Amino acid sequence: MPIFENDVLERRRQRAADAFGDDPPIVLFGAGKPVQIPGGQDQTYPFIPYPEYYWLTGSRRWGGVLAYDPGDSWRHFVRPVSQNERLWEGGGEDVEGEDVAGLKCWLDQRPGRPVAVIGGAVENVKNDPQRAAALQISIDGVRRRKDAAEVALIERAAAATAAGHARARETIRPGVSERRIRIELEAEMFRQGADGAAFDTIVGAGTHAAVLHFEPGDRIVEPDDLVLIDAGASIAGYAADVTRTYPAADRFTPRQQAIYDLVLAAQLEAISTCRKDVEWHEVHRAAAAVIALGLCDLGILRGEPDVLLDSGAISLFLPHGVGHMVGLGVRDVGGLAAGREVSVHCGIRMRVDLPLEEDFLMTVEPGVYFVPALLDDPERRERFANMVNWDALASWRPVGGVRIEDNVLITAGDPRILTAEIPK
């Protein structure tokens, strides 16, 4: 059964053609090829097609090329299933299309035409890199808006993720390892329909929660630890991405609870700001402002919230952007609005700097962390000497870090949280 119906793919192709304008070159979308495992002889890493190709074809088979000629519409060239595939793998994906060997003849019938290649490289084709870069921006703009078929897959991934987090919460207790929590969470996601983890699951107990992308290991959860879990299921390449922070015992310690409540308040404020035409950096600032005021109330920061934001002092405790696009892969499209360069907001270089549009799907994931590499850095301690109560930090460092993350769909009205069923 195909992942996407033909009418879905036809609408996507029409949207792409419209975005390319009146006089585009020939455009080739390459699926890409597997990458060999070093020393693995004939073994390769699991193949992931370039997202533009997959989005326009629904095929996850390597070696294909989707061709667009504005005078001849779309042609899909695919790699036939080989005898070796049938021998070693039992067959291959049955993809409708023409033999990719015919691509050369198709191009030869269009001599002198410029060609732009997007995605995987296409052999023996002279690419026009400037045209390709311009068209890449166009297709990125089209793909940012999720259609109903994509949202349906992400909702399925979110349901599997919810089951995984529920199982993780049941598993967390003093004496259990971070790795055991990961195993139980991922197994439950698979049981509930996931065909993969969207990314390497993060499980950090105690001070490990202050490491943004912590790889779970043998550390045993202690009674006063909190446990930060960032995990998501993947279905047909579409991802959910959810973070929750749990107490090891029945409840948080008072300091953990204070930080947790602060992060939750920041997340709720950020989500309420997620509306059409709002700049993404404004969402980040909304969360950062709540955190700055809260850390002042706790005696950790000193000064006016706007000063703490504009100076970058808040980035000592919120050292990453408030979120990113998610969907086809855990980091889907994103980037900057046309004509913008990477900018700094609240001390953070924003990897997403766009006005929000209807059908964008964003993660909203503020956090507060006590990171030794930041807090003990001499240059930062000097720069923010008067804005941080450095003496008070010692009693807060054992908290490690708290992050809360949901996947939020921008609509014409209130934002819709696709991961709302996961308790927080």
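Numbering of residues begins from 1 in every chain and follows the order in which that chain's sequence is written. Note on the predicted model: pLDDT of at least 70 is required for a residue's local features to be given, and 80 or more for side-chain atom pairs to be given and counted; whole-chain, interface and lining totals, by contrast, use all residues. Excluded from the side-chain calculation are hydrogens and water; included are all heavy atoms of the structure.

A.B. asks: Whenever I open this one, the overall build of the protein chain confuses me. Can you help?
C.D. replies: Only DSSP runs of H or I with at least four residues qualify as helices, and only runs of E with at least two residues qualify as strands; both kinds are numbered from the N terminus onward. A count of helices and strands for the protein chain gives twelve helices and 20 strands. For this measure, only C-alpha atoms enter the radius of gyration; the expected value for a globule follows 2.2 Å times N^0.38, where N is the number of residues. Taken over C-alpha atoms, the radius of gyration comes to 24 Å for the protein chain, in line with the 22 Å a tight globule of 424 residues would show. The dimensions of the protein chain, computed from C-alpha atoms along their principal axes, are 75 × 45 × 45 Å. Buried residues are those whose accessible area, probed at 1.4 Å on protein chains only, stays under 20% of the maximum for their type, while exposed residues exceed 50% and partly exposed ones sit between those limits. Here the protein chain, with 424 residues, has 53% of them falling under the buried criterion. Here a residue-residue contact requires only that any non-hydrogen atoms of the pair lie within 4.5 Å. Long-range pairs, those at least 24 residues apart, make up 69% of the contacts in the protein chain between residues at least 6 apart in sequence. For the purpose of counting charges, residues Lys and Arg are taken to be positive, whereas Asp and Glu are taken to be negative. His and the chain ends are not included. In plain terms, the charge of a residue is placed at NZ if it is Lys, CZ if Arg, CG if Asp and CD if Glu. The averaged location of the 64 negative side-chain charges in the protein chain is 2 Å from the averaged location of its 46 positive side-chain charges.

A.B. asks: Just checking my understanding: could you explain unusual backbone geometry for this structure?
C.D. replies: Leaving glycine aside, a negative phi is the common case for residues, and trans is the common case for peptide bonds. Although it is not a glycine, D277 adopts a positive phi angle of roughly 80°. Tracing the sequence through the fold places D277 in the loop between helix 8 (254–273) and helix 9 (280–297). Even without being a glycine, C346 presents a positive backbone phi close to 55°.

A.B. asks: Teacher, can you tell me more about the pairing of strand 11 (residues 242–247) here?
C.D. replies: Here is the key point about a regular strand: its side chains alternate between the two faces of the sheet. A large share of strand 11 lies buried, amounting to six of its six residues. Side chains V242, R244 and Y246 of strand 11 all project onto a buried face; the interleaved residues T243, T245 and P247 project onto the opposite face, where all are buried too. A pair of strands is treated as paired once DSSP finds two or more bridges between them. Where strand 8 (residues 226–231) and strand 11 come together, six bridges link them in antiparallel fashion. If you follow L226 over to strand 11, its bridge partner there is P247.

A.B. asks: Looking at this structure, how should I read the environment of A197?
C.D. replies: In this structure, A197 sits in strand 6 (residues 196–197). By relative accessible area, which is 34% here, A197 ends up partly exposed. For the pair A197 and S234, spaced 37 residues apart in the sequence, the C-alpha separation amounts to 5.4 Å. The residues touching A197, leaving out its near neighbours within four places in the chain, are E186, M189, F190, G232 and S234.

A.B. asks: Just to check I follow, could you spell out the packing of aromatic side chains for this structure?
C.D. replies: When we look at a pair of aromatic rings, we describe it by the centre distance and by the angle of the planes. Side-chain rings of Phe, Tyr and Trp, where Trp is taken by its six-membered ring, are said to pair if the distance between their centres is within 6.5 Å; with planes under 30 degrees apart they count as stacked, over 60 as edge-to-face, and otherwise as tilted. Following the criterion strictly, the structure yields eleven aromatic pairs and no others. Relative to Y238, the ring of F4 lies with its centre 6.1 Å away and its plane at 80°, an arrangement referred to as edge-to-face. Of the two residues, F4 is situated in the segment before helix 1 (6–20) and Y238 in strand 10 (residues 238–239); the sequence distance between them amounts to 234 residues. The same class applies to F4 as to Y238, namely buried.

A.B. asks: What am I meant to see in the sheet that holds strand 9 (residues 233–235) here?
C.D. replies: In a beta sheet, neighbouring strands pair by backbone hydrogen bonds and run either parallel or antiparallel. With antiparallel pairing, the three strands of this open sheet are ordered in space as 6-9-10. Since the sheet does not close on itself, it has two edges, and those belong to strand 6 and strand 10, each with one partner. The pairing of strand 6 with strand 9 spans two bridges and is antiparallel. The partner of G196 across the bridge, within strand 9, is S234.

A.B. asks: I'm lost on the side chain of E184 in this one. Help?
C.D. replies: Position of E184 among the secondary structure elements: in helix 7 (residues 178–191). In this structure, E184 is in contact with R167, T171 and R191, ignoring residues within four places of it in sequence.

A.B. asks: Hey, could you run me through the pattern of salt bridges in this one?
C.D. replies: A pair is scored as a salt bridge if a Lys or Arg side-chain nitrogen falls within 4 Å of a carboxyl oxygen belonging to Asp or Glu. Tallied over the entire structure, the rule returns 34 salt bridges. A salt bridge links R275 to D414; the shortest N-O distance between them is 2.6 Å. Of this pair, R275 sits in the loop between helix 8 and helix 9 while D414 sits in the loop between strand 19 (406–409) and strand 20 (416–417), and the two are 139 residues apart along the sequence. Among the residues examined, R275 registers a relative accessible area of 33% and is labelled partly exposed. One salt bridge connects E365 with R403, and the closest N-O pair in it is separated by 3.8 Å. Here E365 is found in the loop between strand 16 (361–364) and strand 17 (367–369), whereas its partner R403 is found in strand 18 (residues 401–403), with 38 residues between them in sequence. R403 shares its class with E365; the two are buried.

A.B. asks: Could you clarify how one ought to interpret the nonpolar core in this entry?
C.D. replies: Soluble globular proteins tend to pack their nonpolar side chains together in the buried interior. The definition of a nonpolar core used throughout is a set of buried Ala, Val, Leu, Ile, Met, Phe, Trp, Tyr and Cys residues joined through side-chain atoms within 4.5 Å. If you look at the biggest cluster of nonpolar residues, it comprises 63 residues, and the most contacted ones within it are I259, W280, L295, I314, F317, V368 and F370. For this core, the secondary structure elements donating two or more residues are strand 8, helix 8, helix 9, helix 10 (305–310), strand 16, strand 17 and helix 11 (372–375). Apart from residues no more than four positions distant in its own chain, I314 is found in contact with A288, I291, A292, L295, L301, L308, L309 and C346. Of all hydrophobic cores here, the second largest spans 40 residues; its members include A31, V142, L153 and A239.

A.B. asks: It is not clear to me how the state of the cysteines should be interpreted in this structure. Could you clarify?
C.D. replies: Joining two cysteines, a disulfide is a covalent bond between their sulfur atoms. When two cysteine sulfur atoms lie within 2.5 Å, the pair is treated as a disulfide. Going through the model one piece at a time under the given rule, you end up with zero disulfides. Of the cysteine sulfurs around C296, a residue in no disulfide, the closest is that of C346, at 14 Å.

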